[in-house]
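Residues per chain, in single letters:
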Protein chains: 2
Amino acid sequence: MLDEIYIESMIKKRFPLKSKRFSTEIGDDSAICKIKDNQIVVSCDSLVENIHFTRKKFTPEEISSRSLAVAVSDISAMGAIPMFFLNSLFLPRGITKKFVTRLFSGFKKTSKKFKISLIGGNISRSDSLIIDVTVIGELKKNKYKERGKCTNGDFIYVSGNIGDASLGLHILNKKRNNLQNIEERKLVAKYKNPNPKIKLGEFLGQLDYVSSMIDITDGLSIDLSRLINLNKNKLGAKVIWENIPKSKIAIKKPYEKHVEQYVLHGGDDYELMFTVNRKFYQKFERLAKIRKFRIFRIGEVVNGSKIILEMGGKNKILKPDGFIHKF
Amino acid sequence: MLDEIYIESMIKKRFPLKSKRFSTEIGDDSAICKIKDNQIVVSCDSLVENIHFTRKKFTPEEISSRSLAVAVSDISAMGAIPMFFLNSLFLPRGITKKFVTRLFSGFKKTSKKFKISLIGGNISRSDSLIIDVTVIGELKKNKYKERGKCTNGDFIYVSGNIGDASLGLHILNKKRNNLQNIEERKLVAKYKNPNPKIKLGEFLGQLDYVSSMIDITDGLSIDLSRLINLNKNKLGAKVIWENIPKSKIAIKKPYEKHVEQYVLHGGDDYELMFTVNRKFYQKFERLAKIRKFRIFRIGEVVNGSKIILEMGGKNKILKPDGFIHKF
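Draft legend 1. Geometry of the overall build of chain A. When helices and strands are tallied, chain A shows 10 helices and 12 strands. When the 327 residues of chain A are sorted by exposure, 52% land in the buried category. Long-range contacts, defined here as pairs at least 24 residues apart, represent 85% of the contacts in chain A between residues at least 6 apart.

Spelled out as structure tokens, the structure:
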């Protein structure tokens, strides 16, 4: 029978004490971690069965890996470096040893990829499978990026295709695996295995002319309204539809009908969106090119508390809308 | 209708940015906190509806307050000082604005009492109400206490009555509020509103002759086996029943029949249990008296991988047993 003692010993085998930065062993009351600076960055995020995933459509490795990726993305959105994580697991009755072991295989593989260490966690029973991940990061030279610090005229950038994950989710729900073509599979993978922009986040965090930053989790329009602090700062934005990077498949049949929905209001892309002081945008774009970071200028911050979308030369007002938890 | 936007604005009103140590506002991707030292202490703990509490028996304030207390207790069990916390809420459909507001009243009141700051969190929908709390603490002079660092001959102490919370839970489940007498109500309160030993933890964390420490969460016997690292260190313990502090009501009718179960294997007391190098025990007890800390010497660490319980002058072997999550 599966119990927390089995899980603890399985974790200890898989995550042996290695790092000099983490001096206690897993299993004590708390974890002690060494940090370089006198500031830390902390965030938590969670995945809930039947809300964010189903066990039918996701492997255990994909579930844990995704839970870690989405939490890490919040640290990168601050321009910080993710270092440590804790995972709280809520397991329904009847879950197998194999399932839990595979969850931890996902944590192991993904934490290695992200270069972060598991330092603690907690296990409880519950009605459905839930993973809550807390990530702790460090700042480099005490610098970080917040939302709402941009000013009129700043250019707005994103780090990659928008809408792919949302379209991937649509495909995942509609088509069986064996009916998906290669391009469709890529979109499904982008939804299932988000790739937080850790290196880019760290890079942008150090540039003083990057004025604001966020990661796109709930949808471009709603996250843009958060980035510029739409209601508070009396700032708005103008975004050019044609400049938003999207995958080719999204603008073809049968997906082109809903492409605006996916790109403007679909979430889960975990791309970074940020603003750059326009005096420095050429310098910034040159530097990004040298460093081989993909960045796309999609619009600019303007005065007036609204978001304008230019599409085919015509302007329309874009209302912030995206994924909001309702109870 | 209740949604996460309402909750976020309610939290911002209740937890305004105040502390110099927490420089970002609630609502950004991550929290930035200033810390004094280059080490941090981190732990997470959670409460699950129908496993750890029911909405029938607990007020919303009691649920959130308890979730914070149990997580804080882990930091105190390391001899560290709790500083910041994040709360992940999982809310079932149909939960009311009033209920969530009262949850945050509990967080507010208890965080003030514990002198810790809310720095972040997350909200998701789920099948049942779950609160997952992560607490971050600081060390004083880089000192901390772990489990399993004691040696043969060390004395074992606890910080208060053992079994009270477990008996309180029993009373809570058996008797309606209006049938409980004053003493019974105190036990129920100890279960519902655990009082982590924050000041004592900080004090013990600084004493070099305190060799090991843990908080009693799952039961005296099982937590003692963890404190001395029973299976690994070839150490055992001898505990004297009569020296374990317990409330008078526990040894009277009708509770005296099960008193051993409550005291030895009941959990939820959140008292500290720790070991002291016997060379220093008189010095330690004098100092604790001066500082007005309640501490009780209940036994000692011995050689041999077992726990012996002396009761009425007779020895018997005490098997570690307590609350273990099974799936």
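Draft legend 2. Structural detail: the pairing of strand β10 (residues 296–303) of chain B. Residue and element names in this part refer to chain B. One ladder, built from four bridges, connects strand β6 (residues 155–158) with β10; its direction is antiparallel. Residue pairing for β10: F155 is matched across the bridge by E300. As judged from the five bridges shared by strand β8 (residues 235–240) and β10, these two strands associate in the antiparallel manner. In the strand pairing of β10, A237 is matched with V301.

Draft legend 3. Examining the relation of the copies chain A and chain B more closely. If you rotate chain A by 180° and push it 0.0 Å along the axis, it lands on chain B with an RMSD of 0.0 Å. Accordingly, the operation relating the two chain copies is best matched by a two-fold axis.

Draft legend 4. Up close: the interface of chain A and chain B. Chain A puts 60 residues into the contact, and the matching count from chain B is 60 residues. Looking at the side of chain A that touches chain B, the elements with two or more residues in it are α1 (4–14), β1 (31–34), β2 (39–48), α2 (60–76), β3 (81–92), β4 (117–126), β5 (130–138) and β7 (210–215) of chain A. It is β2 of chain A that provides the largest number of residues to the side of chain A that touches chain B, a total of nine residues. Of the residues in the side of chain A that touches chain B, the class split is 29 nonpolar, 15 polar and 16 charged.

Draft legend 5. Geometry of the sheet that holds strand β4 (residues 117–126) of chain B. One open sheet accounts for five strands, arranged β1(A)-β2(B)-β5(B)-β3(B)-β4(B); its pairing is mixed. The outermost strands of the open sheet, each flanked by one partner alone, are β1 of chain A together with β4 of chain B. With strand direction ignored, the average angle separating the axes of adjacent strands in the sheet is 20°. Sheet topology places strand β2 (residues 39–48) of chain B next to strand β5 (residues 130–138) of chain B; nine bridges connect them, and they run antiparallel. In the strand pairing of β5 of chain B, S43 of chain B is matched with V135 of chain B. Set on the sheet, helix α2 (residues 60–76) of chain B makes contact with β2, β3 (81–92) and β5 of chain B; between it and β2 of chain B the angle comes to about 145°.

Draft legend 6. Up close: α2 of chain B. In this model, α2 of chain B (17 residues) spans 25 Å end to end at C-alpha, consistent with the 24 Å of a helix rising 1.5 Å per residue. Judged by how many residues are buried, α2 of chain B sits mostly within the fold: 15 of 17 residues are covered.

Draft legend 7. Seen up close, the domain arrangement of chain A. Residue and element names in this part refer to chain A. Along its sequence, chain A is organised into domain 1 (4–138) and domain 2 (155–318). If you average the C-alpha positions of domain 1 and of domain 2, the two centres end up 27 Å apart. Between domain 1 and domain 2, the contact holds 17 residues from the first and 17 residues from the second. Only α2 and β3 provide two or more residues apiece to the side of domain 1 that touches domain 2. In terms of residue count, the dominant contributor to the side of domain 1 that touches domain 2 is α2 (nine residues). Class assignment of the residues belonging to the side of domain 1 that touches domain 2 gives a composition of nine nonpolar, four polar and four charged.

What counts, and at which threshold
- Residues numbered from 1 in each chain as written.
- Chains lettered and ligands numbered in written order.
- Predicted model: local features only at pLDDT ≥ 70, side-chain atom pairs only at ≥ 80, totals over all residues.
- Helix = DSSP H or I, 4+ residues; strand = E, 2+ residues; numbered from the N terminus.
- Buried ≥ 20, exposed ≤ 12 C-beta atoms within 10 Å, placed from the backbone.
- Contact = placed C-beta atoms within 7 Å.
- Pairing = 2+ DSSP bridges.
- Least-squares fit on C-alpha atoms with pLDDT ≥ 70 in both.
- Nonpolar A, V, L, I, M, F, W, Y, C, P; charged D, E, K, R; others polar.
- Axes fitted to C-alpha atoms, helices over the stretch in contact; angles between N-to-C directions.
- Expected span 1.5 Å × (residues − 1).
- Domains from an automatic or database assignment.

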